[in-house]
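# Per-entry structural report
This is what each chain is made of:
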Amino acid sequence: MEDKTLAFIGDSLGRQQFQSLMCMVTGGEENLDVENVGDEYGLVRPAGHSRPDGWAFRFPDTNSTILYYWSATLCDLELLNISDPNTPVAMHLDRPPAFLRLFLPRFDFWFSTQDTIGTGGSLG
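This text gives an overview of the structure that appears in the document. Bear in mind the structure is a predicted one, so any value in this text is a computation, not a measurement.

What counts, and at which threshold
- Residues numbered from 1 in each chain as written.
- Predicted model: local features only at pLDDT ≥ 70, side-chain atom pairs only at ≥ 80, totals over all residues.
- Heavy atoms only, no water.
- Core = buried A, V, L, I, M, F, W, Y, C linked by side-chain atoms within 4.5 Å.
- Buried < 20%, exposed > 50% of the residue type's maximum accessible area, 1.4 Å probe, protein only.
- Helix = DSSP H or I, 4+ residues; strand = E, 2+ residues; numbered from the N terminus.
- Contact = heavy atoms within 4.5 Å.
- Pairing = 2+ DSSP bridges.
- Expected span 1.5 Å × (residues − 1).
- Arc of directions from axis to C-beta.

So, about the nonpolar core. If you look at the biggest cluster of nonpolar residues, it comprises 14 residues, and the most contacted ones within it are Ile9, Tyr41, Leu67, Phe99, Phe107 and Trp110. Elements supplying a minimum of two residues to this core: strand 1 (5-10), strand 4 (64-70) and helix 2 (98-103). Counting residues per element, this core draws most heavily on helix 2, at 3 residues. Setting aside its immediate chain neighbours within four residues, tyrosine 41 contacts Thr5, Ala56, Thr65, Leu67, Phe99, Phe103, Arg106 and Phe107.

Structure, rendered in structure tokens:
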């Protein structure tokens, strides 16, 4: 797999698929050549959180990237009143999450735990 980006989008099942693939690709060993490129995808740990919303790693030898983004709903969520911490949330089932809208064109293949497989930056 050269010059490709493979993305897993979803909940803990997607995370486990990502972790399994990373283990197979690295042989379960730490590889100093593998680059953490999470910041290129906004996958950084927000203040007060125990972990980021996902991880992204690039393998320079093949210029391939494997990433995981946590999304329990696969739809856009919008706070109804951003100044109220207890505000209800609107689920826009007709819109993918902001992460997908922003980064989908960069993915060659993407998988979700809702039985969706996409190729070439499309939602189909």
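What follows continues from the structure just given.
Direction of pairing for strand 2 (residues 35-36) relative to strand 3 (residues 54-59): antiparallel, over a ladder of 2 bridges. Across the sheet, glutamate 35 pairs through a bridge with arginine 58, a residue of strand 3. Between strand 3 and strand 4, which pair antiparallel and follow one another directly, the connecting turn spans 4 residues, one of which, asparagine 63, has a positive phi of 55°.

For the rest of this paragraph, the subject is helix 1 (residues 12-26). Its 15 residues place the ends of helix 1 21 Å apart at the C-alpha level, agreeing with the 21 Å of an ideal helix rising 1.5 Å per residue. All of the buried residues in helix 1 are Gly14, Phe18, Leu21 and Met22. End-on view of helix 1: buried residues confined to an arc of 100°, all on one side of the axis. Glycine 27, located one to two residues past helix 1, shows a positive phi value of around 70°.

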